[in-house]
Amino acid sequence: MTTTTSAISPVRSAGRVLLHGGTVVALIVLIAFFFAMRPDVFLTFVNVKNILFQISILAIIAGAQTVVMVVGDFDLSVGATSSLAGAVSASMMLNGTPTEMAILSGLGVGLLVGLVNGLLIAYVNLSAFVATLATMTSVVGLAYLVTAGTTLFNLPTGFNYLGQGRLLNIPLPVYIAIVISVVLWAVLQFTTTGRRWHAIGGNVEVSRLSGVNVRFARMLAFAIAGLISALGGILLAARLGSASAVQGSDNMMFSVAAVFLGMTVIKSGAANLGGTMVGVAIIGVMSNGLNILGVNSYVQQVVTGAIIIAAVTLSSLRTRRR
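Figured I'd write up the structure that's included with this text. (Residues numbered from 1 in each chain as written. Predicted model: local features only at pLDDT ≥ 70, side-chain atom pairs only at ≥ 80, totals over all residues. Heavy atoms only, no water.)

## Focus: a nonpolar patch on the surface
- Taken together, the side chains of Leu119, Tyr123, Val124, Leu126, Phe129, Val130, Leu133 and Phe216 present a nonpolar region at the surface, about 680 Å² in accessible area.
- Within the residue set of the nonpolar patch, elements represented by two or more residues are α4 (99-123) and α5 (128-147).
- If one sorts the elements of the nonpolar patch by residue count, α5 sits on top with three residues.
- Relative to the elements of secondary structure, Val124 occurs in the loop between α4 and α5. (Patch = residues over 30% accessible without salt bridge, like charges linked within 9 Å, V, L, I, M, F, W, Y side chains within 5 Å. Areas by Shrake-Rupley, 256 points an atom, 1.4 Å probe, with all protein chains shown as cover. Salt bridge = Lys/Arg side-chain N within 4 Å of Asp/Glu carboxyl O. Helix = DSSP H or I, 4+ residues; strand = E, 2+ residues; numbered from the N terminus.)

Below, the structure written as structure tokens:
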């Protein structure tokens, strides 16, 4: 009996490690694997910098998605909102609007989309899926109207510098992503608003009975998500030097994947900013490593889908354990 128990114990221990820290383990394994495959390229300064540059916009949009998912909802429109914000800012600049005003207008568009989502979900009581799916469809249409179905080029040099400029040989979007992530983390961890969001995500009814204005708090979460998504879209337009209606549309799927991956990092199994950034790192490392190995982009989509399934499964298992 003792021998059997001793044999099972390591298996159980390995299971606990995968259940409670599977995301971090996966990141380490991915890094080790791609380094073993291409030690001459993968962990060089240039490639690490490229990975950070590639995931900077996703990190911002995934941060926006985290805020909404902390409250217990999700937002299918973050990718479309980012595209519309970039398109609006680019269109205004090409029509002679000063860069600063165009950027503020793009941010305002994102805030407005977020407010619409929040009103529909918190006050009209539509499900987050229905409301944000409808908003996403409308926003994509608006983006096509703004761009006239074309790609907008020849953006001002000062604007492009936001996405292409460097400080200490590190791209500016990396610094911006770090600042946004730290601010969001601080808000979620140390402010009354953040504690209310966590409480609502844990139990809406208990939060309401405790005196929390649940409707306003949920609307605020979506408004902030829209604003941050718009910032991500504007930075993406600056990085590419162009804007289109479908620019960065994959970021919605990847942002959801990153948040679900991050849910396995902490014991509670809830959405959290630190875990989301680990999820973003996994997606970035995987994409970069597969590109280095010459793997077809369609295969990468299949792998991403498998990762989402694995993340949701791990999150579900942790919820059952609780």
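## Focus on α4
- Taking 1.5 Å per residue, 25 residues should reach 36 Å; α4 reaches 35 Å between its end C-alpha atoms and fits that length.
- Considered for burial, the residues of α4 that qualify are Ala102, Ile103, Gly106, Leu107, Gly110, Val113, Gly114, Asn117, Gly118, Ile121 and Ala122.
- Lining the buried residues of α4 we find α3 (78-94), α5, α6 (157-164) and α10 (214-240).
- Asn125 sits one or two residues past α4 and shows a positive phi near 65 degrees. (Expected span 1.5 Å × (residues − 1). Buried < 20%, exposed > 50% of the residue type's maximum accessible area, 1.4 Å probe, protein only. Contact = heavy atoms within 4.5 Å.)

## Re the packing of aromatic side chains
- Tallying each qualifying case throughout the model produces three aromatic pairs.
- Their ring planes at 65 degrees and their centres at 5.2 Å tell us that Phe33 and Phe34 sit as a pair that is edge-to-face.
- Exposure remark for Phe33: the relative accessible area of 41% places this residue in the partly exposed category.
- Through successive ring pairs, a cluster of aromatic residues spans Phe33, Phe34 and Phe42.
- The positively charged end of Arg239 is found above the aromatic ring belonging to Phe53, 4.9 Å away from the centroid. (Phe/Tyr/Trp six-rings, centres within 6.5 Å; stacked < 30°, edge-to-face > 60°. Lys NZ or Arg CZ within 6 Å of the ring centre and 35° of its normal.)

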